[in-house]
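Coordinates in review
Each chain, letter by letter, is given below.
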Amino acid sequence: MQVHLAAGLTGSGLNLPAVPPHVTNGNLYPAQRSARPPTRFYRQLAKFLSCIKMRPSRPLLHLPKRTAAMAETSGTSLAPQKTRSARAEFWAGVRDETPLMFGVIPFGLVFGVLGVESGLSALQTILLSSILFGGASQVVFAQLWAAGVPAFIVGGSVCVINMRHLLYSASMAIYLRPLPLRWRILLGYLLTDEAFAISIRRFQHQPPGPFQHFHLLGSGLLLWTGWQISTIFGVVVGETIPESWSLSFAIPLTFIAVVAPILKSRSDLAAAVTAGSLAMIGQPLPWNSWLLLAAIGGILAGWLVHHFNQPAVDPA
Amino acid sequence: MIWLVMIAAGLFTFATRFIMLSNIISNRPPPWLADALGFVPIAVLTAIIVPAVLIDPASQTIALGDNPRLFAAILAIVTALVTRQVITTIGVGLAALWLLQWLM
């Protein structure tokens with residue numbers, strides 16, 4: 001574990017040696033291993049490292065044995081194959097998340113416009129984006145609250161919509177559990193649909209690294225920042241946008257863009273058709289409770305079809 | 001009052017994101033619950049989409065034949081299936097709505 005820890009630290013790019021490697025006779029980072037006293041942070045890191053599964057045959061950092069001759073002939077420092085540093089993971093997360101921002105920023109704008117339009121104050125609209133930090137649930141909150149629906153229906157609807165995050169945190173648990181509490185609180189707060197979708201790919205499909213959680217930090221922070229800024233922008237410009245632009249129609253359009261491509265199986269279709277029908281049938285119900293009814297009905301329909309319709313033979 | 005509901009809903013939402021990372025619950029959700037939660041986005045979002053498309057905001061009645069929103073939404077669904085891009089779908093849908101409103 002000692003070796004792995006040292007590898008992780010040098011991999012972070014914090015303290016690359018000023019001494020050319022060939023001076024140290026092939027022993028690349030001799031000073032650093034002893035120079036840093038193990039602080040609490042590094043002990044946590046070591047604990048974290050010992051928890052993630054690593055293939056024992058392949059150390060995290062393979063330091064090639066170099067000779068002075070090699071260094072002279074190549075002329076350049078032979079970069080060891082190293083683990084990705086915290087900074088590299090963070091920026092990889094930011095980079096991977098960027099394409100999704102083309103959907104997130106318009107949505108944030110529309111929410112900002114809609115929040116104020118539906119009667120929330122500017123401050124409430126803006127803070128909703130950081131308190132709830134979930135697009136669909138914020139839209140529902142604003143619309144239901146504006147319609148004068150009782151608080152428990154508003155709260156219940158938001159809760160049902162956001163229950164899905166349980167799935168995300170459950171999938172992330174094996175990668176994030178070993179982290180200190182404050183990390184888990186921060187990353188839990190940032191765990192949205194989009195950040196999850198991007199960072200779980202890195203956790204599952206790329207080799208584990210001591211700083212892999214920085215990937216989620218990067219994707220989550222980019223998303224958070226974009227969401228807050230676009231909400232504020234929407235609140236500010238919202239007042240100048242005339243009603244005739246029907247900009248509120250961008251909300252169902254955004255959701256169409258999300259839902260249409262993920263309707264793949266019969267159970268997905270059952271969930272969608274049931275939810276859509278119940279939403280229409282339930283319109284006369286008091287307190288806009290059609291949304292809650294349609295959501296629960298749709299989930300139930302999808303689950304039932306999925307449960308009783310599992311094909312015995314793979315259709316492919 | 002609104003602040004209270006906002007903060008309560010926010011705390012609940014945070015709890016759903018954090019609870020499995022905490023040491024309070026050590027098990028994954030049972031398979032039946034995981035399956036059910038998988039349908040939440042489809043059910044919730046469709047339930048928001050359908051009334052927003054079919055109900056005329058001015059008269060609050062169901063509109064089918066002379067409903068520019070319905071045609072714009074159908075066009076948006078096709079766009080979403082073909083391009084899989086959120087911004088293109090919003091753009092095509094809004095442009096179609098504006099055009100139809102101007103024509104009808």
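Residues numbered from 1 in each chain as written. Chains lettered and ligands numbered in written order. Predicted model: local features only at pLDDT ≥ 70, side-chain atom pairs only at ≥ 80, totals over all residues.

So, the overall build of chain B
Helix and strand content of chain B: 5 helices and 0 strands. For chain B, with 104 residues in total, the buried portion stands at 38%. Within chain B, contacts between residues at least 6 apart in sequence are counted, and of these 31% link residues at least 24 apart. (Helix = DSSP H or I, 4+ residues; strand = E, 2+ residues; numbered from the N terminus. Buried ≥ 20, exposed ≤ 12 C-beta atoms within 10 Å, placed from the backbone. Contact = placed C-beta atoms within 7 Å.)

Thoughts on the overall build of chain A
Scanning chain A for helices and strands turns up 16 helices and 0 strands. By sequence separation, contacts in chain A at least 24 residues apart represent 75% of the contacts at least 6 residues apart.

Here we look at the nonpolar core
Ranked by internal contacts, the top residues of the largest apolar core, which has 103 residues, are F141, I256 and A295 of chain A together with A43 and A47 of chain B. Of the residues forming this core, the biggest block, 11 residues, is contributed by helix 3 (residues 40–54) of chain B. If we ignore the near neighbours within four places in the chain, the residues touching A43 of chain B are A271, A275, A295, G298, I299 and G302 of chain A. (Core = buried A, V, L, I, M, F, W, Y, C linked by C-beta atoms within 7 Å.)

Examining unusual backbone geometry
All names here are of chain A. Phi at F133 takes a positive value of approximately 50°, unusual for a residue other than glycine. With respect to the helices and strands, the residue F133 is situated in the loop between helix 7 (122–131) and helix 8 (135–146). Even without glycine at this site, W287 takes up a positive phi of about 60°. Residue placement: W287 occurs in the loop between helix 15 (266–281) and helix 16 (290–308).

A few points about the environment of A173 of chain A
Within the secondary structure, A173 of chain A is located in helix 10 (residues 165–176). When the 18 C-beta atoms within 10 Å are taken as the criterion, A173 of chain A is described as partly exposed. In this structure the C-alpha to C-alpha distance between A173 of chain A and R184 of chain A, which are 11 residues apart in sequence, comes to 9.5 Å. Ignoring anything within four residues of it in the chain, the contact list for A173 of chain A reads M20 and L21 of chain B.

Comments concerning helix 5 (residues 86–103) of chain B
Taking 1.5 Å of rise per residue, 18 residues should cover 26 Å, and helix 5 of chain B covers 26 Å from first to last C-alpha, within 8% of that figure. Three or more residues of helix 5 of chain B are buried, namely V86, T89, I90, V92, G93, A96 and L97 of chain B. Residues of helix 5 of chain B that are buried sit in contact with helix 6 (101–117) and helix 14 (250–262) of chain A together with helix 4 (68–83) of chain B. (Expected span 1.5 Å × (residues − 1).)

With respect to the packing of helix 12 (residues 193–205) of chain A against helix 13 (residues 213–238) of chain A
Residue and element names in this part refer to chain A. It is at 9 Å that the axes of helix 12 and helix 13 come closest, and there the two elements cross at 160°. With respect to each other, helix 12 and helix 13 are oriented roughly antiparallel. For the crossing formed where helix 12 meets helix 13, the hand is right-handed. Residues E194, A195, I198, S199 and R202 of helix 12 form the contact with helix 13, whose participating residues are H215, L216, S219, G220 and L223. The residue inventory of the contact of helix 12 with helix 13, partitioned by class, reads 4 nonpolar, 4 polar and 2 charged. (Axes fitted to C-alpha atoms, helices over the stretch in contact; angles between N-to-C directions. Parallel < 35°, antiparallel > 145°, perpendicular 65-115°, else oblique. Left-handed = near helix turned anticlockwise from the far one by under 90°. Nonpolar A, V, L, I, M, F, W, Y, C, P; charged D, E, K, R; others polar.)

Some points on the confidence of the model for chain A
All names here are of chain A. On average, chain A scores 77 in pLDDT, and the residues at 70 or more come to 72%. Taken as a whole, residues 1–38 scores under 50 in pLDDT and shows 47 contacts with residues more than four places along the chain or in a different chain. Counting contacts from residues 48–81, a segment whose pLDDT is below 50, to residues more than four positions away or on other chains yields 44 contacts. (pLDDT = per-residue confidence, 0-100.)

Looking at the interface of chain A and chain B
Taken together, the contacts link 68 residues of chain A with 55 residues of chain B. Per-element accounting of the side of chain A that touches chain B gives the leading share, 13 residues, to helix 14 of chain A. Residue composition of the side of chain A that touches chain B, grouped by class: 48 nonpolar, 16 polar and 4 charged.

Section: the environment of P261 of chain A
You can see P261 of chain A is positioned in helix 14. For P261 of chain A, a count of 16 C-beta atoms within 10 Å puts it in the partly exposed group. Ignoring sequence-local partners within four residues, the contact set of P261 of chain A consists of A80, L81 and R84 of chain B.

Let's talk about the confidence of the model for chain B
Residues and elements named next belong to chain B. Averaged over all residues, the pLDDT of chain B is 89; the fraction at 70 or higher stands at 100%. Summarising per-element confidence for chain B, the mean pLDDT is lowest in helix 2 (residues 31–38) (86) and highest in helix 4 (94). This prediction of the complex comes with two scores: 0.70 for pTM and 0.90 for ipTM.

Concerning the packing of helix 6 of chain A against helix 13 of chain A
Angle between the axes and distance between the axes: these two values describe a pair of packed helices. Residue and element names in this part refer to chain A. Viewed as axis vectors pointing N to C, helix 6 and helix 13 meet at an angle of 40°, and their least axial separation amounts to 7 Å. Here helix 13 runs oblique to helix 6, going by the angle between their axes. Handedness of the crossing formed by helix 6 with helix 13: right-handed. Contact residues: helix 6 offers M101, V104, I105, G108, L109, V110, F111, G112, V113, G115, V116 and E117, while helix 13 offers L222, L223, G226, W227, S230, T231, I232, F233, G234, V235 and G238. For the contact of helix 6 with helix 13, the residue count by class is 14 nonpolar, 8 polar and 1 charged.

Description of helix 15 of chain A
Note: α-helices contain 3.6 residues per turn, so residues at a spacing of three or four share the same orientation. Spanning 16 residues, helix 15 of chain A covers 22 Å between terminal C-alpha atoms, matching the ideal 22 Å at 1.5 Å per step. Of all the residues in helix 15 of chain A, the buried ones are S267, D268, A270, A271, A272, T274, A275, G276, L278 and A279 of chain A. Looking at the buried residues of helix 15 of chain A, the elements they touch are helix 14 and helix 16 of chain A together with helix 3 of chain B.

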